[in-house]
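Single-letter residue listing:
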Amino acid sequence: MNRRDFVRTTVGATLAASATRSLFAQAPTIMSNSIKPVVISSANGNKFKNGGEMTCVHKAWTMMTQGADVLDALIAGVNTVELDPLDTSVGYGGLPNADGVVQLDSCCMHGPKKRAGSVACIEGVRTPSLVAKAVMEHTDHHLIVGKGAQNFARSMGFKIEDDLNTDESRKIWLEWKRRTDPEHYLDPEQRTAAGNKVMMEMVAEGLIDRQHIYGTINCDGINSKGEICGVTTTSGLAWKIPGRVGDSPILGAGLYVDGQAGAAGSTGRGEANLYGLCSFLIVENMRRGMHPKDAGMDACRRIKGNTVEKRLLNSRGEPNFGVNFYMLNAKGEYAGVSMYAGASFAVCTEAGPQTVPCEPLLQGKPED
Ligand code: ASP
């Protein structure tokens, strides 16, 4: 399937794509101001182009600096990742739940308008970020889930598909099923242990990208007028219990934006972030004057402090999982931080799109 076929799959994506094309026809105009426009995201925001010419952060930055609304630009950016079958952590082709069904979560926040929208456990729509935006724009609500979210999307003109698996995501799920359920289910504890063991084997064999066990895109931007927005979209934890919702669509967890203070978003173990509502914590820290990097480190420390269950600790007594935060403040300063070294994030400024290392709280590997 070529890029045009992907883009044609949703009403919203088609509109976004044509808006993008007409914007790209004009020469970039960067308004002079003390704030330098910047877009940041998780690392996949500078990786997947879906057959196009620009990665997510590059596209969002280009649209934003040509005058598009910041949130429209960020969502057009993440749409390229949602529609890309090669990113198995977001949208179409995202790794499915334990029943083999792709269930997606997303939220968005608009700083200047002080509005937000989100959807969770939505099936059959490739671009949940556009449905989250429709919740924000067309309803009095902030979160719609499951079948209700799908019905809402249908009523808004989104195409509903029977199955968002690609051949690749279905093949990987079938392999997981074959390994974990040779004779239907084992007892629940054994089944969890078997599931984790198989997941790690499949990572070691290169069948699953480690980043995509948990995997998401968060993308945040500020334009030269100081307008700040953010969006997060995900297929969530691979092989999750059907109906499980992580941090991604929850305001304050997977994303938080305050037009005066800044934006923060997260990828990684959603349960850890959800427990502390860390994106909210980070934005509040930045409001009190903390630099984005220090604000993010504070969130990593909070998560480390809250992680006390033995099953979540490694042999050093530290969290046995990864979690990353991406944040920018109202001055356009930004940072990416992670629980462990090795993670990176994407950024686009006047210098173009780049992938840079996150600042880690801890050394070593999560599982050691
Ligand atoms: N945080 C997402 C979730 O828990 C997954 C991820 O970002 O890797 O659903």
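Residues numbered from 1 in each chain as written. Predicted model: local features only at pLDDT ≥ 70, side-chain atom pairs only at ≥ 80, totals over all residues. Heavy atoms only, no water.

Chemist: Hey, could you run me through helix α5 (residues 128-138) in this one?
Modeler: Counted residue by residue, α5 has nine buried out of 11 residues, so it is predominantly covered. Buried residues of α5: P128, S129, L130, V131, A132, K133, A134, V135 and M136, and no others. (Buried < 20%, exposed > 50% of the residue type's maximum accessible area, 1.4 Å probe, protein only. Helix = DSSP H or I, 4+ residues; strand = E, 2+ residues; numbered from the N terminus.)

Chemist: I'm lost on the sheet that holds strand β6 (residues 228-234) in this one. Help?
Modeler: The strands that make up a sheet pair up through hydrogen bonds in the backbone, lying either parallel or antiparallel. With mixed pairing, the eight strands of this open sheet are ordered in space as β4-β3-β2-β6-β5-β1-β11-β12. The outermost strands of the open sheet, each flanked by one partner alone, are β4 (143-145) and β12 (352-357). Sheet twist, expressed as the mean angle between neighbouring strand axes with direction ignored, is 10 degrees. Pairing of strand β3 (residues 115-122) with β4 involves three bridges; the strand directions are parallel. In the strand pairing of β4, A120 is matched with V145. Together, β2 (104-110), β3, β4 and β6 form the strand contacts of α5, whose direction differs from that of β3 by roughly 135 degrees. (Pairing = 2+ DSSP bridges. Axes fitted to C-alpha atoms, helices over the stretch in contact; angles between N-to-C directions. Contact = heavy atoms within 4.5 Å.)

Chemist: Whenever I open this one, the side chain of N46 confuses me. Can you help?
Modeler: Checked against the element boundaries, N46 lands in the loop between β1 (38-42) and α3 (56-65). Among the polar contacts listed, one links the side chain of N46 to the side chain of T355, at a separation of 3.1 Å. In contact with N46, not counting residues within four places along its chain, are T55, V57, A346, P353, Q354 and T355. (Polar contact = N/O pair within 3.5 Å; in protein donor to acceptor, adjacent residues only side chain to side chain.)

Chemist: Honestly, the sheet that holds strand β10 (residues 334-340) in this entry has me stumped. Any pointers?
Modeler: Within the open sheet, the five strands sit side by side as β7-β8-β9-β10-β13. Their pairing is mixed. Every interior strand has two partners, whereas the edge strands, β7 (255-258) and β13 (359-362), have only one. On average, each strand axis in the sheet is inclined to that of its neighbour by 15 degrees, with strand direction left out of account. Here β10 runs beside β13; their pairing, made up of three bridges, is parallel. Within β13, the position partnered with V337 by the bridge is E359. Those strands touched by helix α10 (residues 278-287) are β7, β8 (262-268) and β9 (323-329), and its axis lies near 150 degrees from that of β8. Relative to the sheet, helix α11 (residues 292-306) contacts β9, β10 and β13, its axis offset from that of β10 by approximately 25 degrees.

Chemist: Can you help me understand the pairing of β6 in this one?
Modeler: Two faces belong to every sheet, and in a regular strand the side chains alternate between them. Within β6, seven of the seven residues are buried, which leaves the element mostly enclosed by the surrounding structure. Neither face of β6 is left uncovered, since the one carrying I228, G230, T232 and T234 and the one carrying C229, V231 and T233 both have all their residues buried. Sheet topology places β2 next to β6; six bridges connect them, and they run antiparallel. Each residue of the ladder has a partner; that of M109, found in β6, is G230. Of the strand pairs in this sheet, strand β5 (residues 216-222) and β6 are connected by seven bridges, and their pairing is antiparallel. Within β6, the residue paired with G221 across the bridge is C229. Where β5 hands over to β6, the hairpin turn is made up of five residues, of which G226 adopts a positive phi near 85 degrees.

Chemist: What should I look at first to understand the packing of aromatic side chains in this one?
Modeler: One pair of aromatic rings is described through two measures. These are the centre distance and the angle between the planes. Taken as a whole and judged by the stated rule, the model has three aromatic pairs. When the centroid spacing of 5.2 Å and the interplanar angle of 20 degrees are considered together, the rings of W176 and W239 count as stacked. A residue pair is termed long-range when its members are at least 10 positions apart, and W176 in helix α7 (residues 167-180) and W239 in the loop between β6 and β7 qualify at 63 residues. With respect to class, W176 is no different from W239; both count as buried. Here the basic side chain of R126 rests over the ring of Y92, its NZ or CZ set 3.7 Å away from the ring centre. (Phe/Tyr/Trp six-rings, centres within 6.5 Å; stacked < 30°, edge-to-face > 60°. Lys NZ or Arg CZ within 6 Å of the ring centre and 35° of its normal.)

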